[in-house]
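Report on the structure
Okay, here's what each chain looks like letter by letter:
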Number of protein chains: 2
Amino acid sequence: MAVNLSAPQQDEILQIDGIRVATGCAGIKNNGSTDLVLIEICEGSTVSAVYTQNAFCAAPVTVAKQHHKEGTPRYLLINSGNANAGTGQQGLQTAIASCEAVANQVNVETHSVLPFSTGVIGQQLPLAKIQTAMANLVSGLASDNWFDAAKGIMTTDTIAKAVSKQVMLGEQRVTITGMAKGSGMIRPDMATMLSYIATDAAVTQPLLDMMLRQAVAHSFNRISVDGDTSTNDACILIATGQAKNALLSDINMPEAQTLYKAIADISQYLAHAIVRDGEGATKFIAVKVEQGRDSAECRQVAYTIAHSPLVKTALFASDPNWGRILAAVGRSGLENFDLTKVAIYLDDICIITAGEPAADYTEEKGQQVMNKDEITIKVVLNRGQASDTIWTCDFSYDYVKINAEYRS
Amino acid sequence: MAVNLSAPQQDEILQIDGIRVATGCAGIKNNGSTDLVLIEICEGSTVSAVYTQNAFCAAPVTVAKQHHKEGTPRYLLINSGNANAGTGQQGLQTAIASCEAVANQVNVETHSVLPFSTGVIGQQLPLAKIQTAMANLVSGLASDNWFDAAKGIMTTDTIAKAVSKQVMLGEQRVTITGMAKGSGMIRPDMATMLSYIATDAAVTQPLLDMMLRQAVAHSFNRISVDGDTSTNDACILIATGQAKNALLSDINMPEAQTLYKAIADISQYLAHAIVRDGEGATKFIAVKVEQGRDSAECRQVAYTIAHSPLVKTALFASDPNWGRILAAVGRSGLENFDLTKVAIYLDDICIITAGEPAADYTEEKGQQVMNKDEITIKVVLNRGQASDTIWTCDFSYDYVKINAEYRS
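Residues numbered from 1 in each chain as written. Chains lettered and ligands numbered in written order. Predicted model: local features only at pLDDT ≥ 70, side-chain atom pairs only at ≥ 80, totals over all residues.

**Examining the overall build of chain A**
Here is the rule we go by: In this text, helices come from DSSP runs of H or I with a minimum length of four residues, and strands from runs of E with a minimum of two, each type numbered from the N-terminal end. When we talk radius of gyration, it's over C-alpha atoms, and the globule rule is simply 2.2 Å times the number of residues to the 0.38. Whether a residue is buried, exposed or partly exposed is read from the other C-beta atoms within 10 Å of its own C-beta, which are placed from the backbone; 20 or more gives buried, 12 or fewer gives exposed, and intermediate counts give partly exposed. Note that contacts rest on C-beta atoms placed from the backbone: two residues are in contact if these are within 7 Å.
Summing up its helical and strand segments, chain A has 11 helices and 16 strands in all. Since a compact globule built from 408 residues should have a radius of gyration of about 22 Å, the 22 Å found for chain A is in line with a globular shape. Projecting the C-alpha coordinates of chain A onto the three principal axes gives extents of approximately 70 × 55 × 40 Å. Residues counted as buried form 58% of the 408 residues belonging to chain A. Of the contacts made within chain A by residues no fewer than 6 positions apart, 80% connect residues no fewer than 24 positions apart.

**Looking at the relation of the copies chain B and chain A**
We apply this condition: The superposition of copies rests on a least-squares fit of C-alpha positions from residues with pLDDT of 70 or more in both.
Turning chain B through 180° and shifting it by 0.0 Å along the axis lays it on chain A, with an RMSD of 0.0 Å. Expressed as a symmetry operation, the mapping of one chain copy onto the other fits a two-fold axis. When each C-alpha of chain B is compared by its distance to the rotation axis, Tyr397(B) comes out closest, at 2.8 Å. Most of the interface of chain B is mirrored in chain A: 100% of its interface residues are interface residues there too.

**Details of the pairing of strand S16 (residues 386-393) of chain A**
Residue and element names in this part refer to chain A. Condition: By this definition, two strands are paired if DSSP reports at least two bridges between them.
As defined by bridge partners, strand S9 (residues 223-224) adjoins S16 across 2 bridges and the pair is classed as parallel. Note that in S16 the partner of Ile223 across the bridge is Trp391. Sheet topology note: the strand S11 (residues 284-292)/S16 ladder contains 7 bridges and is antiparallel. Following the sheet pairing, Val287 is matched in S16 by Ile390.

**Concerning the domain arrangement of chain A**
Residue and element names in this part refer to chain A. For the record, the criterion: In this entry, domain limits derive from an automatic or database-based domain assignment.
Domain parsing of chain A yields domain 1 (10-276) and domain 2 (284-404). A straight line from the C-alpha centre of domain 1 to that of domain 2 covers 33 Å. Those elements giving two or more residues to the side of domain 1 that touches domain 2 turn out to be S9 and helix H6 (254-276). No other element matches H6, which puts 3 residues into the side of domain 1 that touches domain 2.

**Observations concerning the packing of helix H8 (residues 309-316) of chain A against helix H9 (residues 323-330) of chain A**
To describe two helices that pack against each other, one gives the angle between their axes and the distance between the axes. Residues and elements named next belong to chain A. Applicable threshold: All axes are obtained by fitting lines to C-alpha atoms, using only the stretch in contact for helices, and the reported angles, taken between N-to-C directions, cover 0 to 180 degrees. To sort the angles, those under 35 degrees are grouped as roughly parallel, those over 145 as roughly antiparallel, those from 65 to 115 as roughly perpendicular, and the leftovers as oblique. By convention the crossing between two helices is left-handed if the near helix lies anticlockwise of the far one by an angle smaller than a right angle, and right-handed if it lies clockwise. Basically, the charged four are Asp, Glu, Lys and Arg, the nonpolar ten are Ala, Val, Leu, Ile, Met, Phe, Trp, Tyr, Cys and Pro, and anything else, Gly included, counts as polar.
Two numbers describe how H8 lies on H9: the axes approach to 9 Å, and their chain directions differ by 160°. Put simply, H8 runs roughly antiparallel to H9. Between H8 and H9 lies a crossing of left-handed hand. Across the interface between the two elements, Leu310, Val311 and Ala314 of H8 pack against Arg324, Ile325 and Ala328 of H9. Residue composition of the contact of H8 with H9, by class: 5 nonpolar, no polar and 1 charged.

**Some words on the interface of chain B and chain A**
With 51 residues of chain B in contact, the opposing surface of chain A contributes 51 residues. Considering every element that reaches the side of chain B that touches chain A, the biggest residue donor is helix H9 (residues 323-330) of chain B, with 7 residues. Within the side of chain B that touches chain A, the residues separate by chemical class into 24 nonpolar, 18 polar and 9 charged.

**Structural notes on the packing of helix H7 (residues 295-307) of chain A against H9(A)**
Residue and element names in this part refer to chain A. Running from amino to carboxyl end, H7 crosses H9 at an angle of 135°, the nearest separation of the two axes being 9 Å. Considered as vectors, H7 and H9 are oriented oblique to each other. As for how H7 packs across H9, the hand of that crossing is right-handed. When H7 is examined against H9, the residues Val301, Thr304 and Ile305 are found in contact with a partner set consisting of Ile325, Ala328 and Val329.

**A look at the environment of Gly278(A)**
All names here are of chain A. When you line up the elements, Gly278 lands in the loop between H6 and S11. Residue Gly278 is classed as buried on the basis of its 32 C-beta neighbours within 10 Å. Each C-alpha atom, one on Gly278 and one on Arg173, is 34 Å from the other, the two residues being 105 residues apart in sequence. When sequence neighbours within four positions are dropped, the list of residues in contact with Gly278 reads Ser183, Ile186, Val225 and Cys393.

**What to know about the sheet that holds strand S12 (residues 343-346) of chain B**
Strand order in the open sheet made by the 7 strands is S9-S16-S11-S15-S12-S13-S14 (chain B), with mixed pairing throughout. Each of the sheet's edge strands pairs with one partner strand only, and the pair in question is strand S9 (223-224) and strand S14 (356-357) of chain B.

**With respect to helix H7 (residues 295-307) of chain B**
All names here are of chain B. Worth spelling out the cut-off: By definition here, a helix of n residues has an expected span of 1.5 Å times n minus one.
Taking 1.5 Å per residue as the helical rise, H7 with its 13 residues ought to reach 18 Å, and the 18 Å between its terminal C-alpha atoms agrees with that figure. Burial of H7 is extensive: 10 of the 13 residues sit out of reach of the surface. Those residues of H7 that fall on the buried side of the exposure criterion are Glu297, Cys298, Arg299, Val301, Ala302, Tyr303, Thr304, Ile305, Ala306 and His307. In this structure, the buried residues of H7 make contact with S9, strand S11 (284-292), helix H8 (309-316), H9, strand S15 (374-380) and strand S16 (386-393).

**Re the sheet that holds strand S8 (residues 194-199) of chain A**
Residues and elements named next belong to chain A. Reading across the sheet, the 5 strands line up as S3-S10-S8-S7-S6 and stay open at both edges, with mixed pairing between neighbours. Single-partner strands in this sheet number two, and they are strand S3 (46-51) and strand S6 (161-169). Shown here is a sheet whose adjacent strand axes are inclined to one another by a mean of 10°, direction ignored. Across 6 bridges, the pairing between S8 and strand S10 (residues 234-239) is parallel. Each residue of the ladder has a partner; that of Thr199, found in S10, is Ala239. Across the sheet, H6 is in contact with S6, strand S7 (172-181), S8 and S10; its angle to S6 comes to roughly 165°.

**Some thoughts on the environment of Val380(A)**
Residues and elements named next belong to chain A. Looking at where Val380 falls in the secondary structure, it is placed in strand S15 (residues 374-380). Put simply, Val380 and Thr72 are 308 residues apart on the chain and 45 Å apart in space, counted from C-alpha to C-alpha. In this structure Val380 touches Glu290, Gln291, Val342 and Ala343, once residues within four positions along its chain are discounted.

**Structural notes on the environment of Leu76(B)**
Residue and element names in this part refer to chain B. For Leu76, the location among the structural elements is in strand S4 (residues 75-82). Along the sequence, Leu76 and Arg173 sit 97 residues apart, while their C-alpha atoms lie 26 Å from each other. Dropping the residues within four chain positions of it, Leu76 is found in contact with Ile39, Leu114, Phe116, Tyr196 and Ile236.

**What about the pairing of S11(A)?**
The pairing of S11(A) with S15(A) spans 7 bridges and is parallel. Within the sheet, the bridge partner assigned to Val289(A) lies in S15(A) and is Val379(A).

Next up, the structure:
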């Protein structure tokens, strides 16, 4: 049960001129559901990407980075049900061969295809199944398949995650559509599980790269379900230029600001959707840390709270056991930390002020906040000007159930 | 259900000359069970202590540190059921007043009494109940009450943790007895939840301090149940000198080595007992990291594995989903990490060698190890000479249940 997240409606997800999408069933997932997605990008597009920082990155991540260096990609091949991670040299060969399977059908160079995989780690990807499914997959390419694709990249997600937005760049209306998958092994590090965002706007490569880095920094890189950074994270931003707006090249252009804001909004919507659909989640939690020396130390405190199993289980139980938040702040490892300056809030209810229990706090006030399904935990460090916010979820019986039974 | 841990038998727990112990019921716990323990230390003893590094340390920790500075303690007053943490100035006053209650009864200075508390954070300690119970508590002091005391300091522990050992220092037999409590909020940082170890050996203060620091470093500071460092951790080592052995003053003396080894063994037994009785634990896991550049980076990798909810739930499910171990190693943040040098083992089964899946690994071999209730995860970094080992447990439905219902 995702927290205040409903599935997108098919007609809300808008097509992007210059992009075609196809879905297919190769039989990689055991249950016969969609497990292949192909995205076609028209010539003349710009494409930016960020990938996981996990040192044990998956074979498709290694291959996608290499192929992207050799030129602007034309096709993105995504499979769900198998991560092709921890699969060694054979996994790399399979990832390359799956790109070849696309390239042979559509007559492009192999390096014009980027591979992406998500699912179980440590099992070889069944290449033959992908090769067999390829002709049908390619013939299904169409502009209006984003909705099905968002469903096709799901693994333990319970709800498909996709959203569209339109903005005016001067006189020209442009469209941005994004989709993402992710529910567990979520603590993105420079990227998220898998997300694909496309616009028909015309944007130069350096500006598109910058927009992606910034948008990710304030969305996918600010969420955590379980603290576990995936081996397969990737986020791709495509600008097809089909809208024929005046080419955007500088973030200070008003139109660039408008487009960036729309991309950032979509990134944040998708990142929040991943947390709302976090494995077993029953609550959506913002952890906001203010008045730190820099944003890095704000995040350090915020993630210590967000990753505490004791805080997460208290949130699940709607128990205003704020001592666990205080203990997490206390062990977060800030240098020269002076607890007598700290204030802690549950929503707008002050629990701790100047390191002391707030005089007017009552268990009833705390309980009222904890009964909600969206809660902000705010920590004021009172030692600087920086602030940062991350988003997380609680820790339930279902988290254990989902992850104890994942492969069975 | 603790993992391969049985309760000590009363006659296994040996008294220590110079130490008397009493237990009482003040009504701090709701269920009427023992919640007060008093330890009396004879004059002429040496006493060493280490305390939590959590910046939000509890009131009794602050008071105990201060009192200990003013002279060798004569009494240790321990309550369970309430941590007296996050309680501000009032909590400090209560901690001091509870020491006064002891001091008044036994006619010592208040600073000769050290207070210790464990239980719920964020509630004021009921001082009047402790004062009322004091006369009875003091009158119950006796040499043979260690066993009851080990039960009296329990909170969510399911099994009392105590152990004794005797060794010969030259011609002189000395005895060491230790007890500990702890089950959740366990990732000790320079100390553990609460542990008290005493010997009748004669040891100088500097040597006793050194023995405690070293023993803790290889026991309590190498365990984690949930990564949450408590606000109340403390470990106390007492040497009464009543055995009249030649005073030990140098770790290089053979007798000092003998005594240290016994103290280290007891510390490790108690630390392991805390993990075996970890909240909801069904498995006891050693995480061993070898061939690192220094022991700090070995621990960094080991704790990343030990704190991964995905690894812990896979262990609970006996699922050889080793991709989660690989992903944890990959995100552990070592500088210049070269995964092509890494090997990973489940017990003696090689999963990954030189960063590649081991050719002779089979799911059946992995399953055989995962079916055990004691498992060693070994990571060989192949970039140095250092190694380190920590101990942890799995993550079960019962962990969530225990912590969601802790205050209800």
